[in-house]
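# Chains, contacts and geometry: an overview
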Amino acid sequence: MRKSSRPEIHVRPSWFLFERSKSMSGGCLKFVFVAALTTLSAPMASAQEAVNADEMAALCHGGGRSTCASATIPAATTQAVQGWMSPDVGAAWAAGYKGKGVTITIVDDFSSTSRFSGNFGVGLQTQRHGEWTREEAGMIAPLATIRSKDFSTSSAVSLTPGLNVLNLSYGMYANAGYSSNQIGWSPEEASIISYATKGSAFVSKAAGNDSVAVGGVTSGQQDYLDIALVGKASAVFVGALSTNGTTTNKAQLAWYSNYAGSNPLVQSHFLVVGVDGSKTGLYGTSFAAPIISGYAAILGSKFTKATPTQITNDLLNTARTDTLVNYSASMYGKGEASLSRALAPVAIR
């Protein structure tokens, strides 16, 4: 088995400090050796310690299942607009749009021993990466159905009736230079790429935290999941601003965030949102993607007949550029997502 024809791909969650403080041989990795026509899937991870009821609900260990409805986040933590959120979220809730009827599936780490601390405004917590991204999406869209899919499994992501939103706060990295026909994805990522291609689900993909253009090379590696999603109908790359922008207090890209770059196909499907780590202690495009996932769910609760591609285009076409420092498409893509503008039409198509 020659490495030149079988790239070793590993998962990297898109949390800035996590990426740089944890060994890449630690518990949050999924190793998959892939080549054209050949896929060796990673085994299902099992918890090394006893899990509590919430973790059991998230992991769905046993019975052959790898996707499930997550445990309910306490209502008291999901109904208050927090300081890290855009004011548009509160306006959407007041209008009655909270994600009802939409399913958000979080594909992330729900089984490793790696945990870190932060505060979304409901008190200090220490959680796994996936538990954080799941909570954030649920706080933005409190009436959406939130499901958890552990990315250490290789099974396909399943969809439910109605609008489906998939949150990907991770990347799939391997040595740079492989062509697309050398990558043979496991059923998990293959299903995600297929849904984005066909417009079967809205896919929110964290742009990454290496201060390079989406799909760019960093430390000799590339995120091949980014590359696979370029040009796909219902996929959006999400970069991080250091705060939410306004016309009087414009925001700029967080220094760690990947940017759109020169590819028009990326620019046209790239959005930015505020990730105010000074308020939460959480930094990285990992926490930008769930905001867009929540926005998509909120839009789906208003535009109940809209397809994932229509939701995608609505978010992209209503993004703001007047709230950004020195806007350029190569840096910010379509601009800062504006939930209020996206909700404004009577209907979308």
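Refer to the structure printed above.
What comes next is a walk through the structure. (Residues numbered from 1 in each chain as written. Predicted model: local features only at pLDDT ≥ 70, side-chain atom pairs only at ≥ 80, totals over all residues. Heavy atoms only, no water.)

### Regarding the overall build of the protein
Selection criterion: Helical segments are the DSSP runs of H or I of at least four residues, strand segments are the runs of E of at least two, and each set is numbered from the N terminus. Only protein chains enter the accessibility calculation, which uses a 1.4 Å probe; a residue whose area is less than 20% of its type maximum is buried, one above 50% is exposed, and one in between is partly exposed. The contact criterion used throughout is that any non-hydrogen atoms of two residues lie within 4.5 Å. Accessibility throughout is a Shrake-Rupley quantity obtained with a 1.4 Å probe, and a residue counts as covered only by protein chains that appear here.
Along the protein, the regular secondary structure elements total 13 helices and 15 strands. Taking all 349 residues of the protein together, 57% fall into the buried category. Put simply, 75% of the contacts in the protein that link residues at least 6 apart link residues at least 24 apart. Split by element, the accessible area of the protein, about 13,200 Å² in all, is 53% carbon and sulfur.

### Quick word on the packing of aromatic side chains
Going by this rule: Note on aromatic contacts: the rings of Phe and Tyr and the six-membered ring of Trp form a pair at centre separations within 6.5 Å, being stacked when their planes are under 30 degrees apart, edge-to-face when over 60 apart, and tilted otherwise.
Tallied over the full model, the rule gives eight aromatic pairs. Each ring, one from Phe116 and one from Trp132, has its centre 6.3 Å from the other, and the planes form 25°; the classification is stacked. You can see Phe116 sitting in strand S6 (residues 116–118) and its partner Trp132 sitting in helix H5 (residues 129–140), a full 16 residues away along the chain. Per residue, the accessibility class of Phe116 equals that of Trp132, and both read buried. Their ring planes at 80° and their centres at 5.3 Å tell us that Phe120 and Trp132 sit as a pair that is edge-to-face. Here Phe120, found in the loop between S6 and strand S7 (125–127), pairs with Trp132, found in helix H5; they are twelve residues apart in sequence, far enough to count as distant.

### Quick word on the nonpolar core
The following threshold applies: Among buried residues, the Ala, Val, Leu, Ile, Met, Phe, Trp, Tyr and Cys ones that are joined through side-chain atoms within 4.5 Å form a nonpolar core.
Counting 50 residues, the largest nonpolar core has Ile104, Ile292, Tyr295 and Leu315 as its most contacted members. Only helix H4 (87–94), strand S5 (103–108), H5, strand S13 (235–241), strand S14 (270–274), helix H10 (289–302), helix H11 (308–317) and helix H13 (339–343) provide two or more residues apiece to this core. Among the elements that line this core, the one with the most residues is H10, at seven residues. Contacts of Ile292, omitting those with residues within four sequence positions, involve Phe202, Ser204, Val238, Leu271, Val273, Leu315 and Ala337. Grouped together as the second largest cluster of nonpolar side chains are 36 residues, Leu168, Ala228, Val230 and Phe270 included.

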